[in-house]
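# Residue-level structure breakdown
So you can see what is in the structure, the chains are spelled out below.
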Amino acid sequence: MSRLQELYNTIVSKSKKELLNYSLLRQIIRNAGLYMLKMRGQNKRIYGSADFYPETDLPHVSTDGIIIQKPDELAAFMLHVSRYRIKSYCEIGVFKSGLAVIMTAFLNVVNDGLDEAVFLDPKAGPAKDLMFLADHMNVFFDDNSEGLKGTGFDLCFIDGDHSYEWVKKDWSNIGKFSKITAFHDILQDGKYNDIFYWRCDVKKYWQELKKEVGDRSLVLSIAGPPEEFLGIGVIHNDQASLK
């Protein structure tokens with residue numbers, strides 16, 4: 001059994017009541033393994049407060065990590081979306097599949113089943129790593145959002161190509177048609193630096209999009225400390241169904 005399958009099974013073994021506990025969710029995310037970015041002594045700053053990671057120890061951050069998410073932020077986001085009926089999920093940008101497994105397992109439990117999960121990533125790895133999910137729901141893989149223009153989901157999580165062009169495309173192709181759409185990395189500036197090795201224009205597009213949709217949609221930002229990295233922006237495009 002793969003590490004990802006074990007993670008999925010661990011989450012779905014919990015009850016709905018257990019998974020609606022913030023501390024437990026944060027621990028699940030942490031234990032899944034946080035991916036070590038370019039070190040330079042900065043991983044504490046990226047992933048959370050000093051009390052969360054002892055000053056001399058980062059036991060859950062390594063190059064074997066499978067997720068780049070602040071546990072505080074992602075746990076808060078998961079609790080937010082747990083209030084809504086979500087039967088279809090789309091993730092754009094899958095990386096090492098950690099978020100995909102955590103979200104599909106969580107949504108499966110809190111919604112008494114997840115009907116469909118779509119994963120969009122140009123790399124071949126996610127399709128191979130996540131094929132086991134087909135035993136639990138309908139699963140579809142593709143390279144990017146271009147082939148699904150006009151398709152909407154109950155929840156869409158955009159974390160793919162971080163260029164301005166592609167963030168805007170992912171929103172235009174799928175995000176704006178989905179009931180709830182989340183953007184990852186809404187906080188950091190767009191420049192390359194000694195921590196992040198990709199250019200990130202999500203913040204720029206997020207600021208523009210908030211002004212565009214703010215009068216007709218529920219918009220919120222989830223930002224755990226430190227508030228200069230990562231961050232999750234959420235837009236409710238439609239009257240999402242509260243449970």
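This structure is a prediction, so every number in the text was calculated from the model and none was measured.

This paragraph deals with the packing of aromatic side chains. Applying the stated criterion across every chain, the model contains 8 aromatic pairs. Ring geometry for F183 and W206: centres 5.7 Å apart, planes at 50°, overall tilted. A residue pair is termed long-range when its members are at least 10 positions apart, and F183 in strand β7 (residues 180-184) and W206 in helix α9 (residues 202-213) qualify at 23 residues. W206 matches F183 in its accessibility class, with the two residues each being buried. Three or more aromatic residues joined by ring pairs make a cluster, and in this case those are Y164, W171, F183, Y205 and W206. Here the basic side chain of K169 rests over the ring of W166, its NZ or CZ set 4.4 Å away from the ring centre. In this arrangement the basic side chain of K204 is found over the ring face of Y164, its NZ or CZ atom lying 5.0 Å from the centre.

Attention now goes to the nonpolar core. Ranked by size, the top nonpolar core spans 51 residues in total, and within it L74, F77, Y89, M103, L107 and L155 carry the most contacts. Sorting elements by how many residues they give to this core places helix α6 (residues 98-110) first, with 10 residues. Other than its neighbours up to four places away in sequence, F77 contacts M103, L155, F157, A182, I222, I232 and V234. Counting residues in each nonpolar core, the second largest holds 21 residues, with C90, W171, W206 and L209 among its members.

Considered for burial, the residues of helix α1 (residues 3-12) that qualify are L4, L7, Y8 and I11. The buried side chains of α1 occupy one side of the element, clustering within an arc of 100° when seen end-on.

In this section: the pairing of strand β9 (residues 232-236). Of all 5 residues that make up β9, 5 are buried, and the element is covered over most of its length. Across the two faces of β9 the burial is the same, with I232, V234 and H236 and G233 and I235 all buried. Two strands pair when backbone bridges link them, and β7 and β9 are joined in this way by 5 bridges, in the antiparallel orientation. Looking at the pairing, F183 lines up with G233 of β9. When strand β8 (residues 218-222) meets β9, the two strands line up antiparallel, connected through 5 bridges. Along β9, the bridge assignment pairs L218 with H236.

Bringing the sheet that holds β9 into the picture now. Pairing is mixed in the open sheet, where 7 strands are placed in the order β5-β4-β3-β6-β7-β9-β8. Single-partner strands in this sheet number two, and they are β5 (138-142) and β8. Averaged over all pairs of adjacent strands, the angle between strand axes in this sheet comes to 15°, irrespective of strand direction. Pairing of strand β6 (residues 155-158) with β7, which is carried by 4 bridges, proceeds in the parallel orientation. For C156, the partnering residue across the bridge sits in β7 and is T181. On top of the sheet, helix α5 (residues 71-81) reaches β6, β7, β8 and β9; it is set at about 15° to β9, its chief contact. The strands touched by helix α8 (residues 164-173) within the sheet are β3 (88-92), β6, β7 and β9, with β7 carrying the most contacts at an inclination of about 170°.

Turning our eyes to something else, we now look at the side chain of Q69. The residue Q69 is located in the loop between β2 (61-62) and α5 in this model. Judged by relative accessible area, which is 1%, Q69 ranks as buried. Separated by 3.1 Å, the side chains of Q69 and H184 make a polar contact. Those residues in contact with Q69 that lie beyond four places of it in its chain are L34, Y47, L74, L99, F157, D159, H184, L230 and I232.

Reading the values: rules and limits
Residues numbered from 1 in each chain as written. Predicted model: local features only at pLDDT ≥ 70, side-chain atom pairs only at ≥ 80, totals over all residues. Heavy atoms only, no water. Phe/Tyr/Trp six-rings, centres within 6.5 Å; stacked < 30°, edge-to-face > 60°. Helix = DSSP H or I, 4+ residues; strand = E, 2+ residues; numbered from the N terminus. Buried < 20%, exposed > 50% of the residue type's maximum accessible area, 1.4 Å probe, protein only. Lys NZ or Arg CZ within 6 Å of the ring centre and 35° of its normal. Core = buried A, V, L, I, M, F, W, Y, C linked by side-chain atoms within 4.5 Å. Contact = heavy atoms within 4.5 Å. Arc of directions from axis to C-beta. Pairing = 2+ DSSP bridges. Axes fitted to C-alpha atoms, helices over the stretch in contact; angles between N-to-C directions. Polar contact = N/O pair within 3.5 Å; in protein donor to acceptor, adjacent residues only side chain to side chain.

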